[in-house]
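Observations on chain architecture
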Amino acid sequence: MADKLNKNDALFQFLLRLGDNTLVLGHRVSEWCGHSPVLEEDIALANTALDMIGQTQFWLGLAGEVEGKGRTADNLAFLRDVWDFRNLLLVEQPNGDFGQTMMRQFLFDAWHSIMLGRLMKSSDQRIADIAEKASKEVAYHLERSADTVAGLGDGTEESHAKMQTALDLLWPYIGEMFVGDEVDAEMVKAGVAPDPASLRDEYDALVGRVLADATLTTPDSKFAHKGGKTGMRHSEHLGHILTQMQWLQRAYPGATW
Amino acid sequence: MKNEWPLWEVFIRGQHGMSHRHVGSLHAPDAEMAIKNARDVYTRRNEGVSIWVVEAAHIAASSPSDKGPLYEPSNSKVYRHPTFFDIPEDVGAM
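The name that an unreviewed UniProt entry assigns to chain B is 1,2-phenylacetyl-CoA epoxidase subunit PaaB, with the source organism given as Pseudohalocynthiibacter aestuariivivens.

The name that an unreviewed UniProt entry assigns to chain A is 1,2-phenylacetyl-CoA epoxidase subunit PaaC, with the source organism given as Pseudohalocynthiibacter aestuariivivens.

Here's what the structure looks like:
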C-alpha cells in the first residue's frame, strides 16, 4: 500500500476507518438491546446504536462513491472480511458488564466528538457535512456516557471497583486513536482531516476531567495495542462480530427486504 | 425495592406556544438523568421542544374516593359552562 498510495486510495481508507468505527461499535452496542439493566438504559443504548449505524451509512456510502467500483454501504458492511475492516481495536472489544460498555463508549465518544469537530472544517465538503450532522448526535452520546462513567465511578464501592477495572482493561486501546500513518499523512496534506496526534491534548484534558469526577485513577501506561485502523492485526473478537452481523448475507447472498 | 431508582413524571412541550403535557413516567437516579432518559424514551421521534420532569413523590394528588364531593356539585350547574357562546374560528383551540 505504501508504494503507490494515491490520494483517492487514502481517502477511501480514511472513510472506511470512520465508517467501520461506527459500524462495529454500533453493532456492539445493539447487542444490549433487550438485555440492559434497566428499561431506560436499554432504550438509550438502542438509540445510540441506531445513531451510529446511521452515521455508518453516510461514511461507507461516501467510501463506496470514492472507491468508484460500484460498492454500496451495504456491500462494504456485509461483504468484507476481517482483514478489510479498518476500525479501532477499542470498538470491537466485548461489551463485558454494563460499566465496561459505558467506559468503552465514553473513551470512544470523547475521541469521536473531538474528531468530528475537526472534520467539520474539512476541505472536503461532503466530509464536513456528514461530520456536522453526526456531531450533534455524538455530543449527546458523550454527555450521556460521561455522566454515567462519573456516576458509577463515584458511586458505590462495587460500582467504583468495576469502573476502575474497565478503565484499566480498555486504557491500552486508546493509544491507537492518536497514531498516524501514511493514510493520515495524505489526509493532512489535502486538508481533509487533522493529524491524529494533534487530538491527544484535548482528549487527555476532556477524559481527565471526567475520570477525576468519577474518582477513577488514570493508568499511567502509554502502551498501545495497534493494528485495527490499519487492518494489520484485529483482535479475535471482530471475526465473531462479523459472523453475527453478516450471516444473513452470507447464507442468502443478495437477500433483500 | 430499595435499589430501585425513584419514579419521575415526564411532561413534554410539543411545540412552542403549547403547554407541557404529561406523557408518562420513568425511573432515574436524579433529575438530570431523568431528563436524559425522557429524551431517549419520549422524544426519539421528534416529539418535543422542552422537557419537564418531577419526582412522582412530590406530586400532591386528589384522592379518587373524594370524587363525589369534588366534582359532582359542578355537574348540575350548567350555567357555569360557557357553551352558549359562538366562538369565532380565528380564536382556534381553547
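There is more to say, and it comes next.
1. Description of the interface of chain B and chain A
Residue-level contacts link 11 residues of chain B with 12 residues of chain A. With both sides pooled, the region where chain B packs onto chain A buries about 1100 Å², and carbon together with sulfur makes up 52% of that total. One can count three salt bridges joining chain B with chain A. Of the charged contacts, one joins Glu143(A) and Lys36(B) as a salt bridge, the two residues approaching to 3.4 Å between their closest N and O atoms. Connecting chain B to chain A are nine residue pairs in polar contact (both at pLDDT 80 or more). Broken down by element, the side of chain B that touches chain A gets its largest block of residues, seven residues, from helix H1 (residues 31-42) of chain B. Partitioned by chemical class, the residues of the side of chain B that touches chain A number four nonpolar, two polar and five charged.

2. Overview of the confidence of the model for chain B
Reading fine detail from the predicted coordinates is not recommended where pLDDT is low. On average, residues of chain B score 86 in pLDDT, and 97% of them reach the 70 mark or higher. Per-element averaging of pLDDT across chain B places helix H2 (residues 67-75) of chain B at the bottom with 78 and strand S3 (residues 50-55) of chain B at the top with 96.

3. Some points on the pattern of salt bridges
Residue and element names in this part refer to chain A. If you walk through the whole model with that rule in mind, you get 17 salt bridges over all chains. Residue aspartate 20 is joined to arginine 80 by a salt bridge in which the shortest nitrogen-to-oxygen separation is 2.6 Å. One end of the pair, aspartate 20, is in helix H1 (residues 7-30); the other, arginine 80, is in the loop between helix H3 (73-78) and helix H4 (89-92), with 60 residues separating them in the sequence. With respect to burial, aspartate 20 and arginine 80 carry one shared label: buried. Close ionic contact of glutamate 65 with arginine 126 constitutes a salt bridge, the shortest N to O distance being 3.9 Å. Separated by 61 residues along the polypeptide, glutamate 65 in helix H2 (residues 39-67) and arginine 126 in helix H6 (residues 125-153) bring together distant segments of the chain. The exposed category is assigned to glutamate 65, whose relative accessible area is 56%. Given the relative accessible area of 38%, arginine 126 is considered partly exposed. One salt-bridge network, held together by shared partners, links Arg17, Asp181, Asp184 and Lys229.

4. Considerations on the sheet that holds strand S1 (residues 7-13) of chain B
Residue and element names in this part refer to chain B. Judged by pairing direction, the sheet is antiparallel, and its three strands sit side by side in the order S2-S1-S3 without closing on themselves. Each end of this open sheet is capped by a strand with a single partner; those strands are strand S2 (20-27) and S3. Within the sheet, the average angular offset between the axes of one strand and its neighbour, ignoring direction, is 25°. By the bridge criterion, seven bridges tie S1 to S2 in an arrangement that is antiparallel. Bridge pairing links isoleucine 12 to arginine 21 in S2. On top of the sheet, H1 reaches S1, S2 and S3; it is set at about 105° to S2, its chief contact.

5. Thoughts on the pairing of S1(B)
Residue and element names in this part refer to chain B. Hairpin connection from S1 to S2: six residues lie between these consecutive antiparallel strands, with glycine 17 at a positive phi of about 95°. As defined by bridge partners, S1 adjoins S3 across six bridges and the pair is classed as antiparallel. Note on S3: the bridge partner recorded for valine 10 is valine 53.

6. Examining the environment of Ala197(A)
Here Ala197(A) is to be found in the loop between helix H8 (182-189) and helix H9 (200-213). Considering only alpha carbons, one finds Ala197(A) and Phe178(A), 19 residues apart in sequence, at a separation of 4.5 Å.

7. Comments concerning the packing of aromatic side chains
All chains considered together, the criterion is met by four aromatic pairs over all chains. Positioned over the ring face of Phe85(A) is Arg80(A), at 4.3 Å from the centre of the ring.

8. Some points on helix H7 (residues 157-170) of chain A
Residues and elements named next belong to chain A. In this model, H7 (14 residues) spans 20 Å end to end at C-alpha, consistent with the 20 Å of a helix rising 1.5 Å per residue. Residues of H7 that are buried include every one of Ser159, Met163, Gln164, Ala166, Leu167 and Leu170, and no others. Along the long axis of H7, the arc covered by the buried residues comes to 160°, so they all point the same way. Pointing more than 90 degrees away from the buried face of H7 are the exposed residues Glu157, Glu158 and Thr165.

9. Describing a nonpolar patch on the surface
A surface patch of nonpolar side chains, amounting to about 710 Å² of accessible area, comprises Val78(B), Tyr79(B), Phe84(B), Phe85(B), Ile87(B) and Val91(B). Mapped onto the elements of the fold, Tyr79(B) is located in the segment after H2.

10. Topic: unusual backbone geometry
All names here are of chain A. The phi torsion at threonine 215 lies on the positive side, around 55°, for a residue other than glycine. By secondary structure assignment, the location of threonine 215 is in the loop between H9 and helix H10 (236-251). When its relative accessible area of 41% is taken as the criterion, threonine 215 is described as partly exposed.

11. As for the packing of helix H5 (residues 98-119) of chain A against H7(A)
Any two packed helices are characterised by the angle at which their axes cross and by the distance between the axes. Residue and element names in this part refer to chain A. At their nearest, the axes of H5 and H7 sit 9 Å apart, and the two run at 50° to each other. Overall, the two elements H5 and H7 adopt an arrangement that is oblique. The interaxial crossing formed by H5 with H7 has right-handed handedness. Across the interface between the two elements, Gly99, Gln100, Met103, Arg104 and Leu107 from H5 touch Met163, Ala166, Leu167, Leu169 and Leu170 from H7. When its residues are assigned to classes, the contact of H5 with H7 shows seven nonpolar, two polar and one charged.

The rules behind each value
Residues numbered from 1 in each chain as written. Chains lettered and ligands numbered in written order. Predicted model: local features only at pLDDT ≥ 70, side-chain atom pairs only at ≥ 80, totals over all residues. Heavy atoms only, no water. Contact = heavy atoms within 4.5 Å. Buried area = accessible area lost by both parts, 1.4 Å probe. Salt bridge = Lys/Arg side-chain N within 4 Å of Asp/Glu carboxyl O. Polar contact = N/O pair within 3.5 Å; in protein donor to acceptor, adjacent residues only side chain to side chain. Helix = DSSP H or I, 4+ residues; strand = E, 2+ residues; numbered from the N terminus. Nonpolar A, V, L, I, M, F, W, Y, C, P; charged D, E, K, R; others polar. pLDDT = per-residue confidence, 0-100. Buried < 20%, exposed > 50% of the residue type's maximum accessible area, 1.4 Å probe, protein only. Pairing = 2+ DSSP bridges. Axes fitted to C-alpha atoms, helices over the stretch in contact; angles between N-to-C directions. Phe/Tyr/Trp six-rings, centres within 6.5 Å; stacked < 30°, edge-to-face > 60°. Lys NZ or Arg CZ within 6 Å of the ring centre and 35° of its normal. Expected span 1.5 Å × (residues − 1). Arc of directions from axis to C-beta. Patch = residues over 30% accessible without salt bridge, like charges linked within 9 Å, V, L, I, M, F, W, Y side chains within 5 Å. Areas by Shrake-Rupley, 256 points an atom, 1.4 Å probe, with all protein chains shown as cover. Parallel < 35°, antiparallel > 145°, perpendicular 65-115°, else oblique. Left-handed = near helix turned anticlockwise from the far one by under 90°.

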